[in-house]
Every structure is written in structure tokens, then in C-alpha cells.
Amino acid sequence: MKPPPVVYHGPDTVAEAVRLLAEHGAEAKVLAGGQSLVPMLNMRLTAPARLVDVNRLDELAYVRTDLHGVRVGALARHADVERATHAFEAIPLLRQAVRTVAHPTIRNRGTTVGSLVHADPCGEMPAVLALLDGEVTLRSERDGERIVAARDFFVGPMESACREDEIAVEAYFPRPRGRTGSDWREVSRRNGDYALCGVGTLVRVDEVGAVVGATAVYIAMGPVPQVVDVTEAVAGADIASGVAWAAAGQIAADRLEPEDDIHAGADYRRHLARVLTARSLQAAYEAVAP
Amino acid sequence: MSEQRHQVTVTVNGVTRRAEVPARRLLADFLRMDLRLTGTHLGCEHGVCGACTVLLDGVPVRSCLIFAVSVDGHAVTTVEGCCEPAGELGPVQQAFHECHGLQCGFCTPGFITTITAYLEENPKPTEEEAREAIGGNLCRCTGYQNIVAAVLRAAELKREREATP
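Reading the values: the criteria
- Residues numbered from 1 in each chain as written.
- Chains lettered and ligands numbered in written order.
- Predicted model: local features only at pLDDT ≥ 70, side-chain atom pairs only at ≥ 80, totals over all residues.
- Heavy atoms only, no water.
- Core = buried A, V, L, I, M, F, W, Y, C linked by side-chain atoms within 4.5 Å.
- Buried < 20%, exposed > 50% of the residue type's maximum accessible area, 1.4 Å probe, protein only.
- Contact = heavy atoms within 4.5 Å.
- Buried area = accessible area lost by both parts, 1.4 Å probe.
- Salt bridge = Lys/Arg side-chain N within 4 Å of Asp/Glu carboxyl O.
- Polar contact = N/O pair within 3.5 Å; in protein donor to acceptor, adjacent residues only side chain to side chain.
- Helix = DSSP H or I, 4+ residues; strand = E, 2+ residues; numbered from the N terminus.
- Phe/Tyr/Trp six-rings, centres within 6.5 Å; stacked < 30°, edge-to-face > 60°.
- Lys NZ or Arg CZ within 6 Å of the ring centre and 35° of its normal.
- 1 Å grid on protein atoms, 1.4 Å probe; cavity = no way out; pocket = protein on both sides within 12 Å on 5 of 7 lines; lining within 4 Å.
- Points joined across faces, edges and corners; volume = space filled by probe spheres on them.
- Nonpolar A, V, L, I, M, F, W, Y, C, P; charged D, E, K, R; others polar.
- Pairing = 2+ DSSP bridges.
- Right-handed = clockwise from strand over helix to strand, strands pointing away.
- pLDDT = per-residue confidence, 0-100.

Here we look at the nonpolar core
Judged by nonpolar contacts, the single largest core of 57 residues is most densely connected at A:Leu94, A:Val128, A:Phe153 and A:Phe173. Residues within four places of A:Phe153 in sequence aside, it is in contact with A:Leu116, A:Val117, A:Val136, A:Leu138, A:Val148, A:Glu159, A:Ser160, A:Ala161 and A:Cys162. If you look at the next biggest cluster of nonpolar residues, it comprises 34 residues, including A:Leu37, B:Val8, B:Leu31 and B:Leu37.

Remarks on the interface of chain B and chain A
Taken together, the contact between chain B and chain A spans 29 residues of the former and 28 residues of the latter. In total, about 2400 Å² of surface goes out of reach between chain B and chain A, with carbon and sulfur atoms giving 56% of it. It is B:Arg24, B:Leu65 and B:Phe67 in chain B that bury the most area against chain A; as a group they hold 25% of the surface buried on that side. Inspection of the region where chain B meets chain A yields 3 salt bridges. We note a salt bridge from B:Glu121 to A:Arg83, for which the minimum N-O separation is 3.5 Å. Taken together, the links from chain B to chain A amount to 9 residue pairs in polar contact (both at pLDDT 80 or more). Where the side of chain B that touches chain A is concerned, the elements lending two or more residues are strand S3 (53–56) and strand S4 (59–62) of chain B. Sort the elements by how many residues they give to the side of chain B that touches chain A and S4(B) lands first, with 4 residues.

Some thoughts on the packing of aromatic side chains
All names here are of chain A. Applying the stated criterion across every chain yields a total of 3 aromatic pairs over all chains. With a centroid separation of 5.3 Å and 85 degrees between ring planes, the pair formed by Phe153 and Phe154 is classed as edge-to-face. On the basis of relative accessible area, Phe154 is assigned to the buried category, the value being 8%. Arranged with centres 5.5 Å apart and planes meeting at 50 degrees, the rings of Trp245 and Tyr285 form a pair that is tilted. Taken as a pair, Trp245 in helix H11 (residues 243–255) and Tyr285 in helix H12 (residues 266–288) lie far apart in primary sequence, 40 residues in all. Here Trp245 matches Tyr285 in class, with each residue buried. Positioned over the ring face of Tyr172 is Arg71, at 4.2 Å from the centre of the ring. For the cation-ring pair, Arg95 lies above Phe88, with the distance from its terminal atom to the ring centre recorded as 4.2 Å.

Structural notes on the environment of A:Asn191
Residue and element names in this part refer to chain A. Tracing the chain through its elements places Asn191 in the loop between strand S11 (179–188) and strand S12 (195–205). For Asn191, a relative accessible area of 40% puts it in the partly exposed group. Along the primary structure Asn191 and Glu145 are separated by 46 residues, whereas in three dimensions their C-alpha atoms are 39 Å apart.

What to know about empty space enclosed by the protein
Taken as a whole and judged by the stated rule, the model has 1 cavity of 30 Å³ or more. By volume, the largest cavity amounts to about 40 Å³. Around the largest cavity, the lining residues are A:Leu31, A:Ala32, A:Gly33, A:Gly34, A:Val38, A:Asn55, A:Arg109, B:Leu65, B:Ile66, B:Phe67 and B:Ser70. When its residues are assigned to classes, the lining of the largest cavity shows 6 nonpolar, 4 polar and 1 charged.

Re the pairing of strand S2 (residues 28–31) of chain A
Residue and element names in this part refer to chain A. In terms of strand pairing, S2 meets strand S3 (residues 50–53) through 4 bridges, oriented parallel. Note that in S3 the partner of Leu31 across the bridge is Asp53. Between S2 and its parallel partner S3, the chain crosses via helix H2 (residues 37–42), and the hand of that crossover is right-handed.

Some points on the confidence of the model for chain B
Confidence in the prediction for chain B averages 96 pLDDT; 99% of positions are at 70 or higher. If you check the scores for this complex, the pTM reads 0.96 and the ipTM reads 0.95.

Points about the pattern of salt bridges
For side chains of opposite charge, pairing can occur when their charged atoms come near one another. Residues and elements named next belong to chain A. Applying the stated criterion to the full structure yields 30 salt bridges over all chains. As a salt-bridge pair, Glu145 and Arg139 come within 2.7 Å of each other at their nearest N and O atoms. Since its relative accessible area comes to 46%, Glu145 is described here as partly exposed. When its relative accessible area of 29% is taken as the criterion, Arg139 is described as partly exposed. Between Arg163 and Asp143 there is a salt bridge whose closest N-O contact spans 3.0 Å. Of this pair, Arg163 sits in the loop between strand S9 (159–160) and strand S10 (167–174) while Asp143 is found in the loop between strand S6 (135–140) and strand S7 (144–149), placing the two residues 20 residues apart along the sequence. The partly exposed category is assigned to Asp143, whose relative accessible area is 36%.

Below, the structure is given as C-alpha cells:
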């Protein structure tokens, strides 16, 4: 339960970090918050020869909000995203979701961009990026900067498009268009545990409050975040009865293909998705309902 | 090949401490083995149990999930630093004593540090907030009822002490 020997690099600038990865990328791992990497090292599930510690790159410790959305630097902790009032006002979903990432103590150290690169199928922030159609900026010595859309970024379970010579420097979460309400909820066995099923929703309404669009994203329900458009069930529907929300939940449950594991069976996960979707859509709608 | 070693300087409980350690030395082991501050306990060593929680620049973190070399130049507060300046029990320690908030005591250092920082952020928590605040710390003596009571009592004690310096 102690990490294996490793050669440590603690660069002071992004340029230096990128140079180190160009030289050693194949045998190096970037260390940001370390709240997923260090457990894996402690349990000897992974043993990179080198660590490139980015915790001194203060230039990447930011959460910035403008008219278009929220930019999160690689050294912003989950807690920074959670506390940033400007980010919450622009995109409430960010705070709604990040509050369900592990425990406060983990959020104090773990980084949002790190969780994107880690690409855990149970991770909340990859799902938020996917639902908002966001993107990640990667930097390397070879290619300079390249920007990868969320839909191309999450390749498989624990696998992102970030190459071994690249560092993810920033995530961009675009502000949803128009009048859009959001919600995040999940079911886990214990406070702070990985979700058995988690869902985030966006519901867009027009000037008179009629629903014109609805999408949902799921965690722990597939190898990567699963985005499902449920607009057909709710657009123009009679919202008051709740039937439309339930129908949307059914669409999602039919579309998803969760797996059995030690924590929950696939049928139970699908049941959770159906019920949580209906409740979440209703809550998202009520946030912007007239 | 011998392991590369790094000079690490950390301000621990207000005192500058220095040691030469391998890169893989966890902050928890740095405190316990290199600095002989054994108040910080290691339970699960993968970030689940919360026993090793210390304050890094005032903020609770898991010392089993941070390398000592990463916190070079920073300030750490351990349970040894959660007492009053003259060494009497701090408000959180006193509250644990009064409310019987511990049995075997293994998890206690993590609770004390977590709650000490939490009360700075929220000096008057409700019972529900107190429960949420300690959600990341495990106690296997099943002492949560008393620990929640201790959070609320600690808040009272802290306010009383601050009102009467």
C-alpha cells in the first residue's frame, strides 16, 4: 500500500512541463490533484517511471467566466469550481454536479480537468462536459495547442484523447443557449461514493415557458458519458401531468445499456435511470418555468 | 540504483521542518516517519477513510494521497496543531471529550482536523450540516451520533472562547 519508486519532476511553467512530456511522455504520468492517480499508485495498479507534477503551475489555477461560458484551468480544484459564484450563475449545472464528486476533502485537492483526463465512467465532470458540448484544450511540444470536443475526448473507460506527450491545460464549458434549466442527481450506496447511476439534465423553454428541448447525460451507465436527447417526449407535451417526464425516462432507460457489477445489476441501474431522469427533468424545468 | 531524494521544507504546526525524502514519500508517511508526528493516522491508504486528513494551507486534504515533495514550501496543520497555544485541548478536542466522540480513537485525528477547518467556514452548523461535514470520515466504533453532537458542541465552545479571549 505504498507507491512504487518513481522519478519526480516538478516544473514551474507549462512550457517546462510540456518539454518534459515530449522527452519522457511514454513513461511519465501527469500528477495534478492525484485523488485518483495516487490511490492507483498506492495499490500498485499503475507504476509510471516518472511523475510530472503540475501543482506548481499557478498560471493554470483559474476558473473564468465570460458571456460564452466557463473556462477551468488544469490546476483549478473541484472546490474552486464549486465556490466560484460567477461560474454558478452562468452554468448552475457545474455546482450542482461538482457537489456530488466524492467528499469535500477530496474536492479540495482533486482537479476538474484531471477528472476529465482520467475519464472514469463514474466521473461527474466528464458527463457535464459531454452534456454541455464542451471541449478540452491540450498542449504539446509537437502540436502546440489542439482543442478536442467532448464527444471525441472520451474514448473509453478511463481513456481520453489526451496523448502521453500532451497536458490538458483547460476545459471549456459553454453556457447553455436560451432559457435553460438544469439539474444533477444520483443514487449511491453511501454519501460520497461512486454513483450506481447519475443523471444530469438540461431543459430549454421558449418565451412562454413551453418546453422546446431536453437532454440528459448518464454516468455509471456505459463506458463513457451517455448523452440522450429526450426532446421528442417532452416538447409541446402536457407538462403538468408528469406523463411527459416519465415518458422521457422510459426513452432513456430503453436507450442505455448498463452492465452488472458487484454494486448493482443492469436492471436496477436501468430502473434508476428511468426514475431519476423523470425527476431530474422536472426539477430542471421548474428552475426556468414561468 | 538508489532512489533519487528530494529536500522538502514544510511549515508544520507553525514550525519549519526539513527532511530529505524519496519522491514517493506520502505526506502522511513524511509526517509520521520523517518528522515523528504520529498523531496523523493511516487507515485505508487510498483516500476513503479520512483518518489521515490534515490541513494544507488551512484546507483539509488526505495526506495519504499527496506526496511530500508536492507540498514543499507549504504549511501543514496536523492534529498536534489543533490545540490551544499553551497546549490545552482545542475546542474540537474538548467537544470530543465532553460528548464521548471517540472510542478507540484511531479515526479521531482525521475528524479533529476536518471539523477544525469546517468550523472556520461555517461557525454555526445545523445538525444536518454537521453530518454532511463529516461525511468523508469513517468511524468503525459506530460513534457518529456522538461525533455529530461533538461538532455542534465544538461550535459552541469555539464561539465562547472567541467571545472571552
